[in-house]
Amino acid sequence: WYQRRVREAVVSTQSTGSSGINAEYGGNVFHSNGYQIVTYGTVPAPAKSVIFTVQGKLTSQSREANPSIAIVAHFDSFGIAPHLAKSANSNGSGVAAFLELARLLAKLYNTPGSVPKYDILFLLTGAGKLNYLSSKTWMERKMTSDSPDGALLSEAEFVLCIDSVGKEGLNIHLSKQPKAGTPADRMLRAFKEATDLLYPNTTFQTVPKKVNLGNPSFAWHHEVFTVKRLSAGTLSNYPSHTASGRLNTFDEKVDSDLLLKNTHILAEAVGRYISDVSDKSITILQDRMVPNKDMLERTVQYLSTTQRAAQLLTKESSVISFLEQMMDKFTSEVIVSEFKASKRDPEFQFYDNTEVKLFAYNVKPAVFDLFLAIAVFAYLGAVYLCIKAIPHILTAIYQSKKLKSS
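Reference entry: report on the structure contained in this document. Quick caveat, the model's predicted, so the values are computed rather than measured.

A short note on the pattern of salt bridges
Part 1 of the argument: For the structure shown, the criterion picks out 11 salt bridges.
Part 2 of the argument: Here Glu168 ties to Lys261 by a salt bridge, and the two come within 3.1 Å at their closest N and O atoms. With a gap of 93 residues between them, Glu168 in the loop between β5 (156-162) and β6 (170-174) and Lys261 in helix α8 (residues 256-275) connect regions that are remote in the sequence.
Part 3 of the argument: Between Arg298 and Asp294 there is a salt bridge whose closest N-O contact spans 3.1 Å. Here Arg298 pairs with Asp294, and both are found in helix α9 (residues 293-304), just four residues apart, close to one helical turn.

Description of the layout of surface pockets
Part 1 of the argument: One number sums up the size of the largest pocket: a volume of about 430 Å³.
Part 2 of the argument: Lining of the largest pocket is provided by 19 residues; of these, Ser175, Lys176, Thr226, Leu230 and Ser231 occupy positions nearest its centre.
Part 3 of the argument: Every element with two or more residues in the lining of the largest pocket is listed here: β5 and α6 (183-198).
Part 4 of the argument: When the residues that make up the lining of the largest pocket are grouped by side-chain class, the tally is 10 nonpolar, five polar and four charged.
Part 5 of the argument: Of the voids in this model, the second largest pocket is the one considered here, and its volume is about 240 Å³.
Part 6 of the argument: As for the second largest pocket, its lining consists of 13 residues, of which Ala81, Pro82, Thr354, Glu355 and Val356 are closest to the centre.
Part 7 of the argument: Grouping the amino acids of the lining of the second largest pocket by side-chain chemistry returns eight nonpolar, four polar and one charged.

With respect to the side chain of Asp76
Part 1 of the argument: Examined against the element boundaries, Asp76 turns out to sit in the loop between β3 (68-74) and α3 (88-109).
Part 2 of the argument: Although Asp76 is buried, it makes no salt bridge; Lys129 carries the closest opposite charge, 6.8 Å away.
Part 3 of the argument: A polar contact of 3.2 Å, which involves the side chain of Asp76, links it to the side chain of His74.
Part 4 of the argument: Reaching out from Asp76, the side chain makes a polar contact with the backbone nitrogen of Gly128 at a distance of 2.8 Å.
Part 5 of the argument: Setting aside anything within four residues of it in sequence, one finds Asp76 in contact with Asn91, Thr125, Gly126, Ala127, Gly128, Lys129, Arg308 and Ala310.

So, empty space enclosed by the protein
Part 1 of the argument: Counted according to the given criterion, the structure contains one cavity of 30 Å³ or more.
Part 2 of the argument: Counted as a void, the largest cavity has a volume near 40 Å³.
Part 3 of the argument: Every residue along the wall of the largest cavity is listed here: Ala96, Leu99, Glu100, Met295, Leu296, Thr299, Met326 and Phe330.
Part 4 of the argument: Mapped by element, the contributors of at least two residues to the lining of the largest cavity are α3, α9 and α10 (318-330).
Part 5 of the argument: Residue composition of the lining of the largest cavity, by class: six nonpolar, one polar and one charged.

Definitions and limits used
Residues numbered from 1 in each chain as written. Predicted model: local features only at pLDDT ≥ 70, side-chain atom pairs only at ≥ 80, totals over all residues. Heavy atoms only, no water. Salt bridge = Lys/Arg side-chain N within 4 Å of Asp/Glu carboxyl O. Helix = DSSP H or I, 4+ residues; strand = E, 2+ residues; numbered from the N terminus. 1 Å grid on protein atoms, 1.4 Å probe; cavity = no way out; pocket = protein on both sides within 12 Å on 5 of 7 lines; lining within 4 Å. Points joined across faces, edges and corners; volume = space filled by probe spheres on them. Nonpolar A, V, L, I, M, F, W, Y, C, P; charged D, E, K, R; others polar. Buried < 20%, exposed > 50% of the residue type's maximum accessible area, 1.4 Å probe, protein only. Lys, Arg positive; Asp, Glu negative; His and termini not counted. Polar contact = N/O pair within 3.5 Å; in protein donor to acceptor, adjacent residues only side chain to side chain. Contact = heavy atoms within 4.5 Å.

Read these as geometric descriptors, not functional statements.
Structure below.
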């Protein structure tokens, strides 16, 4: 700050042709106030480490063994300051699109004569910003315990993960380019057909990226399922996992119109897949079965103003209750699962004291303290010299009086 003020003074001097630094600027550098930042708090200690998932289902009325797909999104936020992390686009927009998709598909499944032959597993997971730990833990525990939910996931034709869909462009990230006729290829064609039918000017592309098994950190959400040999992909407006917007404390803006458009494409594509429709002249979502912009906006607004960093959440947290209530509206068999870190070999550890108060004190600059110290020393020196000179002064006065009397 002082360097900036001195630089301004020099520039001002050069512009006026003066040979010295402007007195006003020079004086301000020495007597202007500064700020001292201070925080008070205790040393963070290990806290209860718990992560959550919220799941629900939509089941076909067919009595036969039905194929299935899974729709997944993570709901937590991330930032260097957990209490300030908004994560509106990543992944507030993904959760909003997820819930709107569940609402629209619920209408489709409740419409006589149009019920698809697919069972759908909806899974909202926490700790997505922490290497998708909730998804990984849920899958490992459910798929190894003969759980019906685990069986539904293990038999899923495709796992579609939704991550950041509130901006321009759509990309599907896959571990490899799918072969013709596979579920992944059918899902891609469904998205391309939906895009061309509804918004032909929207950019849609496939981004294949091989999973790096040597790296313990997953680049995208679908990689958690890919390593378990499940066909999976992530839908995102980000073309790369290294995009700065995915991990940003100040990610607080979502374009409502773009979110509406992308959610419409998402719902139409999933509808076409589960209905096995490839006719480009037919739309699955008609009449009232279209995304609601107001609901999308309200969901993003709520999520971006609610603390939802993984280390701040408990089962009583408002965001967990909100997600559970919304899932219960649109799906069946809603369950909130709670996973605790292993005590012997924890894969993650949360700490308390995540919020401290910061104080900014208005203080004089160090130069002021220096000059004040010099002034004090000068004053004390003057007093000392005066005291030392008193005997001499008294002697001189006494001698002058003696001379006069004599």
